[in-house]
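Here are the chains, one letter per residue:
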Amino acid sequence: MSRSIKENYNAMKTKLLLIVLLIGCCCTAAAQSRIWEMPTIPADTTIVREWKEGKYIVYSRSGTSQSVSYHDNSSMVVRSAQIPSNAIINDFRIAGDMVYAGGKVLGTPYSHGLLACFDINDLLGSSGVFHVYVFNSINLMNSNCETNYADQVTEVKRIKLFQYGSTDHIAYIANDSIINLDPWIEGCRRMGYGDFCFTGSSWTPYRFNYNKDGINVFSDMAITDNYIALASKSCEYDRFEFVVHNKIIDYANIIPTPPYLIYYFTDHKVLGRVMATALGGDTFAVAYHYDAPPLGAGLAVKIFNIVGGAPTLLYSLEVPPTVMSSNWCEMRDIVYVSNTGELWLLNDIKSPATGMGGSYIYRIDMGNVYAGVYEAHYIPDYYQLHSLDYYLNKGYISSGKESDALKVLIDQNPTLPVICPLKENVTGRATAPVMQYYGRSHCTFLPGGSESHISFNVKTRNTNILCNQIKGGMQQ
């Protein structure tokens, strides 16, 4: 936390609380930017997703202590429920009033993949129930690529939601291990994908593509109007690769048309995760870091459109490093704000402008992808922001930590100059790489597991505002 923000907060805390109480909804409507602190909720990992009308759900973990919380941007309290210490959440999404989450249950000799859901309205009351599904190992003699081994889904890493008919489905990416066989292929973890649904009282699994060849580290997916595009880094070549499926239930079980192709590019050596998001229609974006010696890590963005199951590259750009730095970097999250036509990228990187390391939120106008100059938001002295989501259809919300306490940053209209984070400009350039493709194995099995229903109690906690800036330049 910078000295000016800290002093401002300590000196004017009483005044701020009075103003919030007096202004109430008016302040909320006018406020453009806020940083909330949840001082009694420890955090070394956080995830935030908007629910509706300025309300959001945030997950926080510190060691074995973890919770899921509800907060209204106008409230000075949060409502939290503890999550069992042997479960870890990696991602969650919201559909209607339901939260759907993916992660793992810790175990020996291996962990078990986890899916869970709960009704947000339970957090508004005094208690509720987590509905849980835990993956068991499956004999691959029952797969469509028969083998004498078994497969264990060990950890759900990323989820997205799509609706099929009137039912919400969870598309997920998960680590899996071939039991009695070395699960590490070319130094990479085997990762596959599939879908599930929860029908109000029980879970329904659909087939899981277990990535038999072990050559793709899938990390994110974009769900468009008609397709599911899964992004990955290849194990052997460290290049960006992806596959496209039709958006249907049991999508991983259907061989795509044209026949199961992996699309790839050779313009970069990818560093870390590739993130993806839909942009409307059947257009989607991916973002990732790439190795740019001798300067360090650059940021790449590619935009695709899918017609008849086949993708076409529409735009490709790079934000290269311009100052000497290490390769320290990590892609955190990516969202598209349809009302403003802006793509927002949260990543840890060395700033091309200053060389300082930190969490930066890059803003790219999809109406002018090749602008050449792009805006980056950051908070001085806040070391990490972990997740990102759109907010009120025109802004963004991000969660993270500073001094090991949960923080939430909200920008209701980041196109205006009044915001809590600072801004800097970074330069980018258009590129024109060639997309190529190859075929690969298509092996699936139907997951099996156990279901349970775990009760939780709700606890009320206080929260503070560290920064509150209002349209017109007023700061409290």
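Refer to the structure presented above.
I will try to describe carefully the structure that is included in this document. Throughout this description, residue numbers start from 1 for each chain and increase along the sequence as written. Since the coordinates come from a predicted model, pLDDT governs what is reported: local features require at least 70, and pairs of side-chain atoms require 80 or more to be given and counted, while whole-chain, interface and lining totals use all residues. The basis for every side-chain value is the complete set of heavy atoms in the structure, and neither hydrogens nor water enter the calculation.

On to the overall build of the chain, then. When its secondary structure is counted, the chain shows four helices and 39 strands. A radius of gyration in this sense is built from C-alpha atoms; the matching globule rule multiplies 2.2 Å by the number of residues raised to 0.38. For 476 residues, the compact-globule formula gives about 23 Å, and the C-alpha radius of gyration of the chain, at 22 Å, lands near that figure. Projected onto the principal axes, the alpha-carbon positions of the chain cover approximately 70 × 50 × 40 Å. To sort residues, take the accessible area from a 1.4 Å probe on protein chains only and compare it with the maximum for the residue type: under 20% means buried, over 50% means exposed, and anything in between is partly exposed. Taken over 476 residues, the chain has a buried fraction of 58%. Pairs at least 24 residues apart make up 60% of the contacts formed inside the chain by residues separated by at least 6 positions. Methods summary: accessible areas were calculated by the Shrake-Rupley approach with a probe of 1.4 Å, and residue burial reflects only the protein chains presented. Looking at the chain as shown, the accessible area adds up to about 18100 Å², and 51% of this sits on carbon and sulfur atoms. Positive and negative side-chain charges in the chain, numbering 37 and 42 respectively, have mean positions lying 5 Å apart. Where helices and strands are cited, they refer to DSSP runs of H or I of at least four residues and of E of at least two residues respectively, numbered from the N terminus. By definition, residues are in contact when any of their heavy atoms lie within 4.5 Å. Counted as positive: Lys and Arg. Counted as negative: Asp and Glu, with His and the chain ends omitted from the count. Note on charges: their place is set at NZ of Lys, CZ of Arg, CG of Asp or CD of Glu.

The definition used for a disulfide is geometric: two cysteine sulfur atoms within 2.5 Å. Evaluation of the coordinates by the stated rule reveals two disulfides. Across a sulfur-sulfur distance of 2.1 Å, Cys-420 and Cys-467 are joined as a disulfide pair. Taking the sign of the S-S torsion, about -95° here, the bridge from Cys-420 to Cys-467 comes out left-handed. Of this pair, Cys-420 sits in the loop between β32 (405-411) and β33 (422-427) while Cys-467 is found in strand β38 (residues 464-470), placing the two residues 47 residues apart along the sequence. Comparing Cys-420 with Cys-467, the two get one shared label, buried. By sequence order of its bonded cysteines, the chain has the disulfide arrangement 1-3, 2-4.

Glancing now at the sheet that holds β33. The criterion for strand pairing is that DSSP finds at least two bridges linking the strands in question. Read from one edge of the open sheet, five strands run β26-β27-β28-β29-β33, paired in antiparallel fashion. Every other strand in the sheet has two partners, leaving β26 (330-337) and β33 as the edge strands with one partner each. On average, each strand axis in the sheet is tilted by 30° relative to the strand beside it, whichever way the strands run. Where strand β27 (residues 342-350) and strand β28 (residues 357-365) come together, nine bridges link them in antiparallel fashion. Across the sheet, Leu-346 pairs through a bridge with Ile-361, a residue of β28. Axis definition: a line fitted to C-alpha atoms, limited for helices to the stretch in contact. Angles are taken between N-to-C directions and run from 0 to 180 degrees.

In this section: a nonpolar patch on the surface. For patch detection, residues must exceed 30% relative accessible area and be free of salt bridges, and they are connected within 9 Å for like charges or within 5 Å for nonpolar side chains (Val, Leu, Ile, Met, Phe, Trp, Tyr). Any carboxyl oxygen of Asp or Glu within 4 Å of a side-chain nitrogen of Lys or Arg constitutes a salt bridge here. Taken together, Leu-314, Tyr-315 and Tyr-370 make up a surface patch of nonpolar side chains, about 270 Å² in accessible area. With respect to the helices and strands, Tyr-370 occurs in the loop between β28 and β29 (373-378).

For strand β12 (residues 167-179), the tally of buried residues reaches 11 of 13 residues, placing the bulk of the element in the interior. Where strand β11 (residues 150-164) meets β12, 13 bridges bridge the pair, whose relative direction is antiparallel. Considered in β12, the bridge of Tyr-164 is made with Thr-167. Connecting the antiparallel pair β11 and β12 is a turn made up of two residues, with Gly-165 showing a positive phi of about 70°. Relative to strand β15 (residues 191-198), β12 runs antiparallel, the two being bridged by seven bridges.

Moving on, we come to the pattern of salt bridges. Scanning the model with the defined rule gives 25 salt bridges in all. Look at the salt bridges and you will find they share partners, linking Arg-49, Asp-91, Arg-93, Arg-158, Lys-160, Asp-220 and Asp-333 into a network.

It is worth spelling out the sheet that holds strand β4 (residues 65-72) at this point. The pairing of strands in a sheet comes from backbone hydrogen bonds and takes either a parallel or an antiparallel form. One open sheet accounts for nine strands, arranged β2-β3-β4-β5-β37-β9-β8-β7-β6; its pairing is antiparallel. What marks the edges here is a single partner per strand, and that holds for β2 (45-52) and β6 (87-95). Each strand of the sheet is rotated relative to its neighbour by a mean of 25°, with strand direction disregarded. Across five bridges, strand β5 (residues 77-82) lies against strand β37 (residues 448-462) in antiparallel orientation. Paired with Ala-81 across the strands is Val-458, a residue of β37.

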